[in-house]
Amino acid sequence: MGRDHRLPAEVRTLAADHGIEQIALELHPLHMVYNVPTLLRLREAVGPIIGANVDPSHMFWQRMDPAAIVRALGPAVHHVHLKDVEYRAGQPALAGVLDNRPYSTPEERAWTFRTVGHGHGTEFWAPFIDALAEIGYDDVVSIENEDPVQDAVEGVTDAARFITPLLH
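First, a word on scope: everything that follows refers to the structure included in this document. Being a predicted model, the structure only gives us computed values, none of them experimental.

Moving on, we come to the packing of helix H2 (residues 36–46) against helix H4 (residues 66–73). Axis separation between H2 and H4 bottoms out at 11 Å; the angle between their running directions is 20°. As judged from the angle between their axes, H2 and H4 are roughly parallel. For the crossing formed where H2 meets H4, the hand is right-handed. Here H2 contributes Val36, Leu39 and Leu40 to the contact with H4, which in turn contributes Ile69, Ala72 and Leu73. Of the residues belonging to the contact of H2 with H4, the class tally is six nonpolar, no polar and no charged.

Further remarks concern the packing of aromatic side chains. Note on aromatic pairs: each is described by the distance of the centres and the angle between the planes. For the coordinates displayed, the defined rule picks out nine aromatic pairs. Each ring, one from tryptophan 61 and one from tryptophan 111, has its centre 4.4 Å from the other, and the planes form 10°; the classification is stacked. Taken together, the residues tryptophan 61 in the loop between helix H3 (56–60) and H4 and tryptophan 111 in strand S5 (residues 111–114) connect sequence positions 50 residues apart. Assessed through its relative accessible area of 4%, tryptophan 61 is described here as buried. Judged by centre distance (5.7 Å) and plane angle (85°), the rings of tryptophan 125 and phenylalanine 128 are edge-to-face. Taken together, the residues tryptophan 125 and phenylalanine 128, both in helix H6 (residues 122–134) and three residues apart, mark about one turn of the helix. Per residue, the accessibility class of tryptophan 125 equals that of phenylalanine 128, and both read buried. Three or more aromatic residues joined by ring pairs form one cluster here, namely Phe60, Phe124, Trp125 and Phe128. The positively charged end of arginine 109 is found above the aromatic ring belonging to tyrosine 103, 4.3 Å away from the centroid. When the ring centre of tryptophan 111 is taken as reference, the NZ or CZ atom of arginine 109 above it lies at 4.5 Å.

Calculation notes
Residues numbered from 1 in each chain as written. Predicted model: local features only at pLDDT ≥ 70, side-chain atom pairs only at ≥ 80, totals over all residues. Heavy atoms only, no water. Axes fitted to C-alpha atoms, helices over the stretch in contact; angles between N-to-C directions. Helix = DSSP H or I, 4+ residues; strand = E, 2+ residues; numbered from the N terminus. Parallel < 35°, antiparallel > 145°, perpendicular 65-115°, else oblique. Left-handed = near helix turned anticlockwise from the far one by under 90°. Contact = heavy atoms within 4.5 Å. Nonpolar A, V, L, I, M, F, W, Y, C, P; charged D, E, K, R; others polar. Phe/Tyr/Trp six-rings, centres within 6.5 Å; stacked < 30°, edge-to-face > 60°. Buried < 20%, exposed > 50% of the residue type's maximum accessible area, 1.4 Å probe, protein only. Lys NZ or Arg CZ within 6 Å of the ring centre and 35° of its normal.

Structure representation (C-alpha cells):
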C-alpha cells in the first residue's frame with residue numbers, strides 16, 4: 001500500500017485561499033532539492049504546485065548545464081534568476097566546486113557570483129533564453145545581483161543591457 005504524499009487538502013486550500021498557485025524552490029547545492037532528479041522527486045510526491053526557481057549560477061558552479069535543466073523540467077520551471085559565475089584560473093582544480101572560502105575575498109575563491117555576462121557570454125545566455133522559450137516559459141526573468149566585484153547599481157544596469165537583446 002503506497003502512501004499519498006500529495007499536499008494535504010487543508011494545505012492546498014490554504015495555498016489557494018492565499019492565491020498561491022506555484023512554489024518555486026531554488027535548486028541550490030547543499031539543499032535537499034538541488035538538481036533535476038531531486039526536484040522531480042519532490043514534485044511527484046507533492047504535486048505540480050512545486051517547481052523550480054532556475055538560477056544558472058548555482059548550476060554553473062556544480063558544472064551542470066542550465067539549458068538542459070530547463071528543457072528537462074519543462075512546466076516545472078516556475079521562476080528564473082539571472083546570475084552568473086566566474087571561475088578563477090586553477091582554483092577549481094585545487095578547491096573544487098564546494099569551495100567554502102569567504103565571498104568577501106573573491107580573488108581567493110574557485111568561483112565567484114558575477115553580474116550576468118561577466119562570467120559567461122552570449123554563447124551561453126542566448127541558448128539559455130532559447131531553452132526557456134522552447135518550454136513555453138513566458139514570465140519574469142529576475143536579475144539577481146550578488147557580484148562582490150561590481151557596484152550593485154552598475155551590475156544591475158550591465159545585466160539588463162546585456163540580457164535585453166537576447167529576450168524574445
